[in-house]
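# Examination of the molecular architecture
Spelled out from the first residue to the last, the chains are:
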Amino acid sequence: MKSLTDVFTLSNGVQIPCVGYGTWQTPNGDVARDSVVAALKAGYRHIDTAAAYGNEASVGEGIRLSGVARSDIFLTTKHWIMERGYTKTVAAVEASLKNLGTDYLDLYLVHWPCVEKSNPNWKEINAATWAGFEKMYKEGKIRAIGVSNYLPEQILALEETATVKPMVNQIEFHPGYYQPALVEWCQNHGMLVEGWSPLGCGAVLQDVTLGKIAAKYNKSVAQVCVRFALQSDVLPMPKSTHAERIAQNADVFDFELSDADMLAIRTMPPVGYSTYHPTEAPADSLFGGNYDVD
Ligand code: A2P
């Protein structure tokens, strides 16, 4: 990858710019709007949001204000756990389109799986949700569909009934918690892995090992984290609400981490783990999933 507009290619041929601009925890309103404008000014062409972030309206406003053509932007949003099931999923897509002020999504992701621990009918629930994804994909309202925070067990279960396989899995990925077995399995399974919290939600930025590596390249730890993802063939989505950091996190194409430094990062002690793991059903236990299936 040589620039922000270089792409990964999904299994259906859709191309996705190699660094996304993340918006988790960015408040709706001026902050989300202005930081999306700043990201597009800095050259990002890939924006990642979610219904659950509550900022789709301002993300959409930022896109329109930026002056960058919608067709030049890759826009992802995510389906929330309270909208599980076919009918609710279809309605959720329509709601996100309306909130974002757009008539299509580039990528739509299931935000969290329903897991066995939450509901014995987890397979059926996930399959019903996915059927809604497939309908909207086949109608052309979504260019690519995928999942987030899924483990192989849930992906394989989904594929028992799916007519379109998930093209993406978006998971927690950063130095100190990079899930190598899951990444390798997804990549061998034909899925693009996207990394959420590539900076460990800010928690890895003070790490001494990473600091030493960053100093060698005259770069920041945040930039090392973004490179670590790219050099692992994982698509990073750094989040910041500050224009200079937004630009800094994208200024990662003038250096390459050596094999030794990649190895040093892979073998450093765990740091920055969010504690959100699908088998613990964090989203369900925090917010209460919805298990009605129509
Ligand atoms: P802020 O939004 O105030 O800039 P992640 O992308 O892993 O979720 O990490 C996001 C966190 O890291 C946010 O708290 C963000 O703060 C902070 N952050 C993002 N980019 C940088 C940077 N280049 N330097 C320092 N902190 C950063």
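Our structure is the block above this text.
If you're wondering where the values come from, they're calculated on a predicted model, not measured in any experiment.

For Q25, which is not glycine, the phi dihedral falls at a positive 70°. Here Q25 lies in the loop between strand 3 (21-22) and helix 1 (30-41). Taking the relative accessible area as the measure of exposure, Q25 reaches 52% and is therefore exposed. At Q179, a residue that is not glycine, the phi angle is positive and equals roughly 45°. Assignment of secondary structure puts Q179 in the loop between strand 8 (168-172) and helix 6 (180-188).

Another point: the site of the ligand. The environment of the ligand is formed by 16 residues, the closest being L199, C201, K239, S240 and R245. Within the side chain of N249, an N or O atom sits 2.9 Å from a nitrogen atom of the ligand. Here the ligand loses 82% of its free accessible area of 570 Å² to cover by the protein chains. Of the residues belonging to the shell around the ligand, the class tally is six nonpolar, eight polar and two charged.

Now for the side chain of N55. Tracing the backbone shows N55 in the loop between strand 4 (46-48) and helix 2 (56-66). You can call N55 buried: its relative accessible area is 0%. From its side chain, N55 meets the backbone oxygen of T26 in a polar contact 2.9 Å long. Beyond its immediate chain neighbours, meaning those up to four positions away, N55 contacts T23, T26, P27, N28, A32, T49 and A50.

Take the pattern of salt bridges next. Within the structure shown, the criterion is met by 14 salt bridges. The shortest N-O distance in the salt bridge between K141 and E94 comes to 3.0 Å. Highlighted residues: K141 in the loop between helix 4 (122-138) and strand 7 (145-148) and E94 in helix 3 (residues 86-100), separated in sequence by 47 residues. As a salt-bridge pair, K123 and E160 come within 3.6 Å of each other at their nearest N and O atoms. Of this pair, K123 sits in helix 4 while E160 sits in the loop between helix 5 (152-159) and strand 8, placing them 37 residues apart in sequence. Since its relative accessible area comes to 42%, K123 is described here as partly exposed. Accessibility expressed as a relative area gives 58% for E160, which makes it exposed. Bridged by salt links that share partners, the residues D30, R33, D34 and E61 form one connected network.

We now examine the packing of helix 2 against helix 3. Between helix 2 and helix 3, the shortest axis-to-axis distance is 7 Å and the interhelical angle comes to 45°. Classed by the angle they form, the pair helix 2 and helix 3 counts as oblique. On helix 3, the residues touching E56, A57, V59, G60 and R64 of helix 2 are S96, N99 and L100. Here the residues of the contact of helix 2 with helix 3 sort into three nonpolar, three polar and two charged.

Counting through the fold element by element, V234 comes out in strand 10 (residues 234-236). Taking C-alpha positions, V234 is 10.0 Å from W196, a pair spaced 38 residues apart along the chain.

Before going further, it helps to spend a moment on the environment of A243. Inspection of the secondary structure assignment puts A243 in helix 9 (residues 243-250). By relative accessible area, A243 is classed as partly exposed at 46%. Taking the C-alpha atoms as reference points, A243 and D34, separated by 209 residues in sequence, lie 8.9 Å from one another.

The next thing to look at is the sheet that holds strand 5 (residues 74-79). Pairing in this open sheet of eight strands is parallel, and the strands run 3-4-5-6-7-8-9-10 from one edge to the other. If you trace the sheet from one side to the other, it starts and ends with strand 3 and strand 10, each paired once. Examined bridge by bridge, strand 3 and strand 4 share two bridges and lie parallel to one another. Bridge pairing in strand 4 links G22 to D48.

Taken as a whole and judged by the stated rule, the model has 10 aromatic pairs. Seen in terms of ring centroids, F173 and F228 are 5.3 Å apart; in terms of plane orientation they differ by 20°. Their pairing is stacked. You can see F173 sitting in the loop between strand 8 and helix 6 and its partner F228 sitting in helix 8 (residues 221-230), a full 55 residues away along the chain. The same class applies to F173 and to F228, which are both buried. Plain terms: the ring middles of Y178 and F228 are 5.6 Å apart, the flat faces sit at 80° to each other, and that makes the pair edge-to-face. Here F228 lies in helix 8 and Y178 lies in the loop between strand 8 and helix 6, a separation of 50 residues in the sequence. For Y178, a relative accessible area of 17% translates into the label buried. An aromatic cluster is built from Y108, W130 and F133, whose rings are joined through pairwise contacts. Its guanidinium or amino end placed over the ring of Y104, R70 lies 3.9 Å from that ring's centre, counting from NZ or CZ. A cation over an aromatic ring shows up here: R227 above the ring of F255, its NZ or CZ 5.7 Å from the ring centre.

Parameters and conventions
Residues numbered from 1 in each chain as written. Predicted model: local features only at pLDDT ≥ 70, side-chain atom pairs only at ≥ 80, totals over all residues. Heavy atoms only, no water. Helix = DSSP H or I, 4+ residues; strand = E, 2+ residues; numbered from the N terminus. Buried < 20%, exposed > 50% of the residue type's maximum accessible area, 1.4 Å probe, protein only. Near = heavy atom within 4 Å. Polar contact = N/O pair within 3.5 Å; in protein donor to acceptor, adjacent residues only side chain to side chain. Areas by Shrake-Rupley, 256 points an atom, 1.4 Å probe, with all protein chains shown as cover. Nonpolar A, V, L, I, M, F, W, Y, C, P; charged D, E, K, R; others polar. Contact = heavy atoms within 4.5 Å. Salt bridge = Lys/Arg side-chain N within 4 Å of Asp/Glu carboxyl O. Axes fitted to C-alpha atoms, helices over the stretch in contact; angles between N-to-C directions. Parallel < 35°, antiparallel > 145°, perpendicular 65-115°, else oblique. Pairing = 2+ DSSP bridges. Phe/Tyr/Trp six-rings, centres within 6.5 Å; stacked < 30°, edge-to-face > 60°. Lys NZ or Arg CZ within 6 Å of the ring centre and 35° of its normal.

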